[in-house]
Amino acid sequence: FARTDLCAVDCLQPERLHMLTDAVDHHVATRWDAALGIFGSDTRGETTLAGSDFFGYDSVNGRMSSDRHHEKQGREMAHAYSLYHNVNMYNVCRMMESLLADAPEPDAEAAQRYGALADRVEEVLRAKFVDTADGTYFSDYVVFTDGSTQWLRFEHSDYWEYTWAVSAGPFFPNLATAMRS
């Protein structure tokens, strides 16, 4: 964990750490689904989904989008809970737990809160995100505009996101499953 190499001592100073904590807390407040125990979004990769106010607009490239990444078997997705998003947030929460515990002015309560979020994401990824047919991770759990839901496998996903999710780390909720995937 290259905390000191990446941000030196500067990012651990209270005013910098406060900005980081505010940003992560905003993401948690707007993307955490307590009922499912994972993070979700109205985007899938760079594609806005039908649940987004910006549906049809590619905010990364700044143009209207005509791709079909928001559809599956003719149904439009409204919301996605991707492996990529959740592995990334698992890592963010583990890093925040460490940063806040080791900061010059430690915040044990916040560190425990992030640790608990990471534990919950890990639990759900281990229990529900693994395809029992082959022991690999699903790529997404999606909600369609008609309210139906579906687990999507790798071949129905953005393979770049899936590859990052099972290989980037530095922390893995289940390394054996990541390696199989």
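Refer to the structure printed above.
Residues numbered from 1 in each chain as written. Predicted model: local features only at pLDDT ≥ 70, side-chain atom pairs only at ≥ 80, totals over all residues. Heavy atoms only, no water.

## Focus on the overall build of the protein chain
Step number 1: From N to C terminus, the protein chain includes six helices and ten strands.
Step number 2: Contacts spanning at least 24 positions in sequence make up 62% of the contacts within the protein chain whose residues lie at least 6 apart.
Step number 3: For the protein chain, the accessible surface area stands at approximately 9900 Å², while carbon and sulfur atoms represent 54% of it. (Helix = DSSP H or I, 4+ residues; strand = E, 2+ residues; numbered from the N terminus. Contact = heavy atoms within 4.5 Å. Areas by Shrake-Rupley, 256 points an atom, 1.4 Å probe, with all protein chains shown as cover.)

## What to know about the packing of helix 2 (residues 14–31) against helix 4 (residues 108–127)
Step number 1: Contact geometry of helix 2 with helix 4 gives a least axis separation of 13 Å together with a crossing angle of 40°. By the angle between their axes, helix 2 is oblique relative to helix 4. Crossing of helix 2 over helix 4 shows left-handed handedness. Note on element contacts: helix 4 touches helix 2 through R113, Y114 and L117, opposite T21, V24, D25 and V28.
Step number 2: For the contact of helix 2 with helix 4, a count of residues per class yields four nonpolar, one polar and two charged. (Axes fitted to C-alpha atoms, helices over the stretch in contact; angles between N-to-C directions. Parallel < 35°, antiparallel > 145°, perpendicular 65-115°, else oblique. Left-handed = near helix turned anticlockwise from the far one by under 90°. Nonpolar A, V, L, I, M, F, W, Y, C, P; charged D, E, K, R; others polar.)

## As for helix 4
Step number 1: Compared with the 28 Å implied by 1.5 Å per residue over 20 residues, the 28 Å span of helix 4 between its first and last C-alpha is a close match.
Step number 2: Of the positions making up helix 4, those classed as buried are A110, A111, Y114, G115, L117, A118, V121, E122, V124 and L125.
Step number 3: On the buried face of helix 4, the contacting elements are helix 2, strand 1 (32–33), strand 2 (38–39) and helix 3 (83–102). (Expected span 1.5 Å × (residues − 1). Buried < 20%, exposed > 50% of the residue type's maximum accessible area, 1.4 Å probe, protein only.)

## Comments concerning the packing of aromatic side chains
Step number 1: Tallied over the entire structure, the rule returns five aromatic pairs.
Step number 2: Residues Y81 and Y141 carry aromatic rings whose centres are separated by 5.9 Å and whose planes lie at 45° to one another, so their mutual orientation is tilted. Of the two residues, Y81 sits in strand 8 (residues 75–82) while Y141 sits in strand 9 (residues 140–144), which places them 60 residues apart along the sequence. One exposure class covers both Y81 and Y141, and it is buried.
Step number 3: Summarising the aromatic geometry, the rings of F129 and W151 are spaced 4.9 Å apart at their centres and angled 85° between planes, so their arrangement reads as edge-to-face. Placement of F129 in the loop between helix 4 and strand 9 and of W151 in strand 10 (residues 149–152) is noted, with a sequence separation of 22 residues between them.
Step number 4: Residue classification places F129 among the buried positions, given a relative accessible area of 0%.
Step number 5: The class of W151 is partly exposed, set by a relative accessible area of 28%.
Step number 6: Here the basic side chain of R75 rests over the ring of F144, its NZ or CZ set 3.8 Å away from the ring centre.
Step number 7: Between R113 and the ring centre of Y114, over which it is positioned, the NZ or CZ distance is 5.0 Å. (Phe/Tyr/Trp six-rings, centres within 6.5 Å; stacked < 30°, edge-to-face > 60°. Lys NZ or Arg CZ within 6 Å of the ring centre and 35° of its normal.)

## Examining the environment of N86
Step number 1: Among the secondary structure elements, N86 is positioned in helix 3.
Step number 2: C-alpha of N86 to C-alpha of F39: the two residues are 47 residues apart in sequence and 5.8 Å apart in space.

## Some details on the pairing of strand 10
Step number 1: Across four bridges, strand 9 lies against strand 10 in antiparallel orientation. The residue bridging D140 from the neighbouring strand is L152, located in strand 10.
Step number 2: As consecutive antiparallel partners, strand 9 and strand 10 are separated by four residues, and within that stretch G147 has a phi angle of approximately 90°, a positive value. (Pairing = 2+ DSSP bridges.)

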